[in-house]
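So you can see what is in the structure, the chains are spelled out below.
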Amino acid sequence: MSSTDTRNESDRVLIFDTTLRDGEQSPGISLNRHEKLEIAQQLARLGVDVIEAGFPITSPGDFESVQAIAREVEGPVICGLARTSKQDIDAAWNAVRDSQRPRIHTFIATSDIHIERKLQTTREDVKGQVRAAVAQAREYTDDVEFSPEDGSRSDVEYMAEVIQIALQEGASTINVPDTVGYTMPGEYAAMFEQLYRLVPDLHRVVVSVHCHDDLGLAVANSLAGVQAGCRQVECAVNGIGERAGNASLEEIVMLLRTREPTMGLWTGVDSTEIARTSRLVSRLTGYQVQPNKAIVGRNAFAHEAGIHQDGVLKERRTYEIMDATTVGLRSNSIVLGKHSGRHALRKALQEMGYELDGQVLNTAFKRFKEIADRKKQLTAMDLEALVTDELRGEDVRGYVLDWFEVEASSRRPPHARVSVTLPEGGSAQGAFTGDGPIDAVFQAIDAATGVGAKLSDFQIGAVTEGQDALGEVSVVVEVGGTSGAGQGVSTDIIDAAARAYVRALSVAVARSRSGGAVGLPETAAG
Ligand code: KIV
Ligand code: ZN
């Protein structure tokens, strides 16, 4: 009998993914609708239980993204965030209502500092708002989650009264966040133990943890909550989120899986999809994963010391507590070569879970040929980077890089010329002599487009190892105070950088023309 046959449903920990809501609130991240949908589809493949798809009231773009995810992504519950106001709850409901499994998540702060200073109201008023909000949400759906924001810094007895009201009105999940990442494991566990005592009805519903990583304790605190009885963990892929981020999904899942024999807790996540999900989120958000990051860092399964290498060769478990294949790390084996045809590309992509046909396949094939001409042999990770880069849909009609030329030598400053297709039609050329080849190309793009952008972040990474590796570049620019992020992939790092820069510029210009704000209301959540 396998361990899955003996598992108890009451030991299952639900994974509530907030990459697209709290994660998307990370500075500089701005995903378009297509990118959010692609991440949500991958989260469904990963097997998360709930996808918090966004905060629909914050902008028409966020509303449309949540709605698209609710309409197209099958499997997980699709959740929209709302403050306690009627408009917020209406917006959240209208965005998620087409999902087969819609959820409204409403929140309001319960700590005195938030009530008095931020909301400038009273404890009694907050209670009234919770009653009205949960009751309104329950008119739309049975699946309503309530969070007392800044719960870990709230007076527990008062918070218990608020939670009791949410339960009376029919909330089915109660999430108590450590909004500012201040609590410690023992303290967080004790808070839940006290809440279970003060509000016995909590035993009837799902109690959830939501931890931020300001002191590096988000995963430890989440685990403490789970050990105190909570059965939902709110987390984000690669740990992205407000400030220092949220608890990292991959760390929680692998922690529960690796220590299942000790704790007896489990999740429904297919861990072999973790590495791919992490790469997709990193690529689309432009947030690179630190090399030594647990589970998904480049070095997470690498052994440097001779003694360790020797031990692992003799018996893997001497120095490895997890097998790299359980998190879906792909082998670097060659899947396609320079002479592979369209059919071979389609088949290789199909095996990786991408169904491409018609014009989309033609576009991917054209780009594959360009890269294969230079790289000769492509691995699965190269193909994944290529499809993510090439098939990314755009919400806005932006600039397109037609070509660039750079003259560089050790004796003269580099000179770049570029041609860019403009959103309004036609193309424009620009030239610039810069400090380095990438600087020259970026400034030539500015000259061609007439947009004065300020580069605020620039990162280079390699998709695979080796001299002919595909390079990935992430760029964040600011145009008149509005930021935009873009990524590019190519065997040529200047080409990857130019693609990334043009995309970032397109996003920033479109956002600043639409009034800039894809921003959150002042009292938005963290
Ligand atoms: O950190 C927080 O308090 C939040 C709530 C909305 C759950 O993100
Ligand atoms: Zn949060």
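Everything numeric in this text was worked out from a predicted model, so none of it was measured.

Peer 1: Give me the overall build of the protein chain: which residues, what numbers.
Peer 2: In terms of regular secondary structure, the protein chain is built from 17 helices and 16 strands. Looking at the protein chain as a whole, 55% of its 526 residues qualify as buried. In the protein chain, the share of contacts with a sequence separation of at least 24, taken over all contacts with a separation of at least 6, comes to 67%. With an accessible surface of roughly 22500 Å², the protein chain has 48% of that area assigned to carbon and sulfur atoms.

Peer 1: I'd like a rundown of helix 6 (residues 156-168), residues and numbers included.
Peer 2: If you check helix 6, its first and last C-alpha atoms are 18 Å apart, about what 13 residues at 1.5 Å a residue would give, namely 18 Å. On its buried face, helix 6 is in contact with helix 4 (112-118), helix 5 (123-140), strand 5 (144-149), strand 6 (173-178) and helix 7 (185-198). Following helix 6 by one or two positions, G170 has its phi on the positive side, about 110 degrees.

Peer 1: Any chance you could break down the nonpolar core for me, citing the residues and the numbers?
Peer 2: Ranked by internal contacts, the top residues of the largest apolar core, which has 89 residues, are I174, F192, L195 and L202. When residues of this core are assigned to domains, at least three map to each of domain 1 (9-285) and domain 2 (300-330). Among the nonpolar cores identified, the runner-up in size contains 31 residues, and V441, A444, I494 and V509 belong to it.

Peer 1: Could you give me a rundown of the environment of G128, with the residues and numbers involved?
Peer 2: Of note, G128 is situated in helix 5. Note on G128: relative accessible area 38%, which makes it partly exposed. Sequence-wise, G128 and I165 are 37 residues apart; in three dimensions their C-alpha atoms are separated by 8.9 Å.

Peer 1: Which residues make up the state of the cysteines, and what values do they have?
Peer 2: Counted according to the given criterion, the structure contains zero disulfides. C235 carries a free sulfur, and the closest cysteine sulfur to it, the one in C211, is 10 Å from it. On the basis of relative accessibility, which here comes to 0%, the residue C235 falls in the buried class.

Peer 1: So what's going on with the packing of helix 1 (residues 33-46) against helix 2 (residues 60-72)? Which residues, and what values?
Peer 2: Packing of helix 1 against helix 2 brings their axes to within 9 Å, and their N-to-C directions diverge by 35 degrees. Crossing of helix 1 over helix 2 shows right-handed handedness. Mapping the contact onto sequence places R33, K36, L37, A40 and Q41 in helix 1 and D62, E64, S65, A68, I69 and E72 in helix 2.

Peer 1: With reference to specific residues and values, describe helix 14 (residues 358-375).
Peer 2: End to end, helix 14 covers 25 Å across 18 residues, agreeing with the expected 26 Å (1.5 Å per residue, within 8%). By the burial criterion, the buried members of helix 14 are L361, A364, F365, R367, F368, I371, A372 and K375. Positive backbone phi, approximately 70 degrees, marks K376, located one or two places after helix 14.

Peer 1: Help me get a handle on the sheet that holds strand 15 (residues 471-479), residues and values and all.
Peer 2: One open sheet accounts for three strands, arranged 14-15-16; its pairing is antiparallel. The two strands at the open ends of the sheet, each matched to only one other strand, are strand 14 (454-462) and strand 16 (482-490). Ignoring strand direction, the axes of neighbouring strands in this sheet form an average angle of 15 degrees.

Peer 1: Help me get a handle on the pattern of salt bridges, residues and values and all.
Peer 2: Applying the stated rule across the entire model yields 37 salt bridges. Between R283 and E472 there is a salt bridge, with the nearest N and O atoms lying 2.6 Å from each other. Residue R283 is found in helix 11 (residues 274-285), and its partner E472 is found in strand 15; the two are separated by 189 residues along the sequence. What makes E472 buried here is its relative accessible area of 16%. Residues joined by salt bridges that share partners form a network here, namely R279, R283, E384 and E472.

Peer 1: Provide a residue-level description of the environment of Q443, including the pertinent values.
Peer 2: Within the secondary structure, Q443 is located in helix 16 (residues 437-449). The sequence separation of Q443 and A453 amounts to 10 residues, and the corresponding C-alpha distance is 8.9 Å.

Peer 1: Can you lay out the sheet that holds strand 13 (residues 427-433) for me, pointing to particular residues and giving the numbers?
Peer 2: The antiparallel open sheet is built from three strands, whose spatial order is 11-12-13. Among the strands making up the open sheet, the edge pair consists of strand 11 (400-407) and strand 13. Neighbour to neighbour, the strand axes of the sheet diverge by 15 degrees on average, direction disregarded. Sheet topology places strand 12 (residues 415-421) next to strand 13; seven bridges connect them, and they run antiparallel. What sits directly across from V418, in strand 13, is G430. Against the sheet, helix 16 contacts strand 11, strand 12 and strand 13, and its axis sits at roughly 140 degrees relative to strand 13.

Peer 1: Kindly report on the pairing of strand 3 (residues 77-82), identifying the contributing residues and their values.
Peer 2: Extensive coverage of strand 3 is indicated by the burial of six of its six residues. Burial of the side chains of strand 3 extends over both faces: V77, C79 and L81 are buried on one face and I78, G80 and A82 on the other. The pairing of strand 2 (residues 50-54) with strand 3 spans four bridges and is classified as parallel. Bridge pairing links G54 to G80 in strand 3. With helix 2 bridging strand 2 and the parallel strand 3, this β-α-β connection has right-handed handedness. The pairing of strand 3 with strand 4 (residues 102-109) spans five bridges and is parallel. Looking at strand 4, one finds that L81 is bridged to H105. Where the polypeptide runs from strand 3 across helix 3 (residues 86-96) and back to strand 4, its parallel neighbour, the crossover connection is right-handed.

Peer 1: Give me the lowdown on the domain arrangement of the protein chain, citing residues and values where you can.
Peer 2: For the protein chain, the assigned domains read domain 1 (9-285), domain 2 (300-330), domain 3 (333-393) and domain 4 (396-513). Each side of the interface is counted separately: domain 1 has five residues, and domain 4 has seven residues. Here domain 1 and domain 4 share an interface that buries about 520 Å² over both sides, 38% of which is from carbon and sulfur atoms. Three residues, G28, S30 and R283, lead the burial of domain 1 against domain 4; their summed loss comes to 83% of the area buried on that side. Connecting domain 1 to domain 4 are one salt bridge. Here domain 1 and domain 4 share one residue pair in polar contact (both at pLDDT 80 or more) between them. Among the residues making up the side of domain 1 that touches domain 4, the classes are represented as one nonpolar, three polar and one charged.

Peer 1: So, the confidence of the model for the protein chain: which residues are in play, and what are the values?
Peer 2: Chain-level pLDDT for the protein chain is 91 on average; 95% of the residues reach the 70-or-more range. Mean pLDDT values over the elements of the protein chain span from 80, in strand 9 (residues 334-337), up to 99, in strand 5. Here residues 516-523 is modelled with pLDDT under 50, and outside its nearest four sequence neighbours on either side it reaches 16 contacts, counting other chains as well.

Rules used in this analysis
- Residues numbered from 1 in each chain as written.
- Chains lettered and ligands numbered in written order.
- Predicted model: local features only at pLDDT ≥ 70, side-chain atom pairs only at ≥ 80, totals over all residues.
- Heavy atoms only, no water.
- Helix = DSSP H or I, 4+ residues; strand = E, 2+ residues; numbered from the N terminus.
- Buried < 20%, exposed > 50% of the residue type's maximum accessible area, 1.4 Å probe, protein only.
- Contact = heavy atoms within 4.5 Å.
- Areas by Shrake-Rupley, 256 points an atom, 1.4 Å probe, with all protein chains shown as cover.
- Expected span 1.5 Å × (residues − 1).
- Core = buried A, V, L, I, M, F, W, Y, C linked by side-chain atoms within 4.5 Å.
- Domains from an automatic or database assignment.
- Disulfide = S-S within 2.5 Å.
- Axes fitted to C-alpha atoms, helices over the stretch in contact; angles between N-to-C directions.
- Left-handed = near helix turned anticlockwise from the far one by under 90°.
- Pairing = 2+ DSSP bridges.
- Salt bridge = Lys/Arg side-chain N within 4 Å of Asp/Glu carboxyl O.
- Right-handed = clockwise from strand over helix to strand, strands pointing away.
- Buried area = accessible area lost by both parts, 1.4 Å probe.
- Polar contact = N/O pair within 3.5 Å; in protein donor to acceptor, adjacent residues only side chain to side chain.
- Nonpolar A, V, L, I, M, F, W, Y, C, P; charged D, E, K, R; others polar.
- pLDDT = per-residue confidence, 0-100.

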